[in-house]
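The residues making up each chain are set out below.
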Amino acid sequence: MLDFIGTIVLVAAIIVSINALTGAMPISTAQRLVLSVGAGLWTGLAAALASANLFLGTNPVGPPVIGTVIAFPLVATAVAASISPAVRASLLGMPMPFLIGLNVWRIAGGFFLLLAAEGRLAGPFPTSAGWGDIITGTLALPVAWLALRGQGKALVWVWNAFGMLDLVVAIALGVISANGSPLQLIHAGAGSEAVQMLPWSLIPTVLVPMFLIVHAVIFAQLARAGRGAEAS
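Bear in mind the structure is a predicted one, so any value in this text is a computation, not a measurement.

**Student:** Describe the overall build of the protein chain, with residues and values.
**Tutor:** Tallying secondary structure elements over the protein chain gives nine helices and zero strands in all. Going from N to C terminus, the protein chain has its helices and strands arranged as α-α-α-α-α-α-α-α-α. What you see for the protein chain is a C-alpha radius of gyration of 18 Å, in line with the 17 Å of a compact globule of 232 residues. For the protein chain, the spread of C-alpha atoms along the principal axes amounts to about 55 × 35 × 30 Å. Buried residues in the protein chain amount to 43% of all 232 residues.

**Student:** Quick rundown of the nonpolar core? Include the residues and the values.
**Tutor:** Within the largest apolar cluster, 54 residues are counted, with the highest numbers of intra-cluster contacts made by I100, F125, V156, W200, L207 and I218. Secondary-structure elements contributing two or more residues to this core are α1 (2-24), α2 (29-51), α3 (62-83), α5 (96-101), α6 (110-117), α7 (124-148), α8 (153-176) and α9 (202-231). The element contributing the most residues to this core is α9, with 13 residues. Not counting residues up to four positions away in its chain, the partners in contact with L207 are L10, A13, I14 and L202.

**Student:** Provide a residue-level description of the environment of P204, including the pertinent values.
**Tutor:** Relative to the helices and strands, P204 is located in helix α9. Excluding residues that lie within four positions of it along the chain, P204 makes contacts with I70, V195 and P209.

**Student:** Outline the layout of surface pockets, supporting the account with residue identities and numerical values.
**Tutor:** Which parts of space are left empty comes out when a probe the size of a water molecule is rolled across the atoms. Computed from the structure, the largest pocket encloses a volume of approximately 860 Å³. Lining the largest pocket are 29 residues, with M25, L35, A39, T77 and I213 positioned closest to its centre. Going through the elements one at a time, α1, α2, α3, α4 (85-92) and α9 are the ones with two or more residues in the lining of the largest pocket. Looking at the lining of the largest pocket element by element, the count peaks at seven residues for α9. The class makeup of the residues in the lining of the largest pocket is 22 nonpolar, seven polar and no charged.

**Student:** How would you sum up the packing of aromatic side chains? Please name residues and give values.
**Tutor:** According to the stated counting rule, one finds four aromatic pairs in the structure shown. Ring plane angle 70° and centroid distance 5.5 Å describe the contact between F112 and F125, whose orientation is recorded as edge-to-face. Taken together, the positions of F112 in helix α6 and F125 in helix α7 put the pair 13 residues apart, joining distant regions of the chain. Its relative accessible area of 4% is what places F125 among the buried residues. For the pair W157 and F219, a centre-to-centre distance of 5.3 Å together with 45° between the ring planes defines the contact as tilted. Of this pair, W157 sits in helix α8 while F219 sits in helix α9; the two residues are 62 residues apart in sequence, bridging distant segments of the chain.

**Student:** Now, about the pattern of salt bridges: what can you tell me, with residues and values included?
**Tutor:** Under the defined criterion, the tally for this structure stands at four salt bridges. The closest approach of N and O atoms between R106 and D133, which form a salt bridge, is 3.0 Å. Here R106, found in the loop between α5 and α6, pairs with D133, found in helix α7; they are 27 residues apart in sequence, far enough to count as distant. Take R106 and D133: they sit in the same class, and that class is buried. Of the charged contacts in the structure, one is a salt bridge between R120 and E118, with a shortest N-O distance of 3.2 Å. Judged by its relative accessible area of 48%, E118 falls in the partly exposed class. Where salt bridges share partners, they join D3, E118 and R120 into one cluster.

**Student:** Can you explain a nonpolar patch on the surface? Please cite residues and give values.
**Tutor:** Side chains of M1, F4, I5 and I8 sit close together on the surface and give an oily, nonpolar patch of about 470 Å² of accessible area. Looking at the secondary structure, you find I5 in helix α1. Using a relative accessible area of 37% as the deciding quantity, one classes I5 as partly exposed.

What counts as what
- Residues numbered from 1 in each chain as written.
- Predicted model: local features only at pLDDT ≥ 70, side-chain atom pairs only at ≥ 80, totals over all residues.
- Heavy atoms only, no water.
- Helix = DSSP H or I, 4+ residues; strand = E, 2+ residues; numbered from the N terminus.
- Rg over C-alpha atoms; globule rule 2.2 N^0.38 Å.
- Buried < 20%, exposed > 50% of the residue type's maximum accessible area, 1.4 Å probe, protein only.
- Core = buried A, V, L, I, M, F, W, Y, C linked by side-chain atoms within 4.5 Å.
- Contact = heavy atoms within 4.5 Å.
- 1 Å grid on protein atoms, 1.4 Å probe; cavity = no way out; pocket = protein on both sides within 12 Å on 5 of 7 lines; lining within 4 Å.
- Points joined across faces, edges and corners; volume = space filled by probe spheres on them.
- Nonpolar A, V, L, I, M, F, W, Y, C, P; charged D, E, K, R; others polar.
- Phe/Tyr/Trp six-rings, centres within 6.5 Å; stacked < 30°, edge-to-face > 60°.
- Salt bridge = Lys/Arg side-chain N within 4 Å of Asp/Glu carboxyl O.
- Patch = residues over 30% accessible without salt bridge, like charges linked within 9 Å, V, L, I, M, F, W, Y side chains within 5 Å.
- Areas by Shrake-Rupley, 256 points an atom, 1.4 Å probe, with all protein chains shown as cover.

Shown next as structure tokens:
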């Protein structure tokens, strides 16, 4: 039952978030379509690789494959933004309150705690990732409201840093808790096994890169606003 509910929530989070992000970008309808289709195909690829058990820590190719799937969107976005003014403008053109509010989906991090209660996750990974996401998601709307009113800039910085750090720590703990992985340092029962398989593998391979990009864009917007304030 938990897997069934998780599938519905995660697929909804991915579809709604992708469409919301492309819709918020100051780009043409054709470009939105291309981005949406590309993101959909990438999600399908991540799901197919997981269904073939290519993310498992016990699979010799598991750690490099899942690592590549997580890193590719981050690297591709960073490179595109660094060499293309149009890409930078599209990313920075999204409203900051919207980007912050999108993190409300991360309340679903409570699934990590439920999986741990079922014995399908263990060690520090589910506790850190679960509560970190819950805190980030719970505060997303209040912080977005402050940003919309032009208030609480310091709080936005702190919230964004916490939300990004939560994701980075979750990835690190997931990697070193993966049973059978050559990078395993934490040996604690199931470790991070559940997120190496569907539907939960969609979290590290699709949602985590997406939210890391969102946090990076928010930081870039905050930095730009700071430079503008200094110039004036």
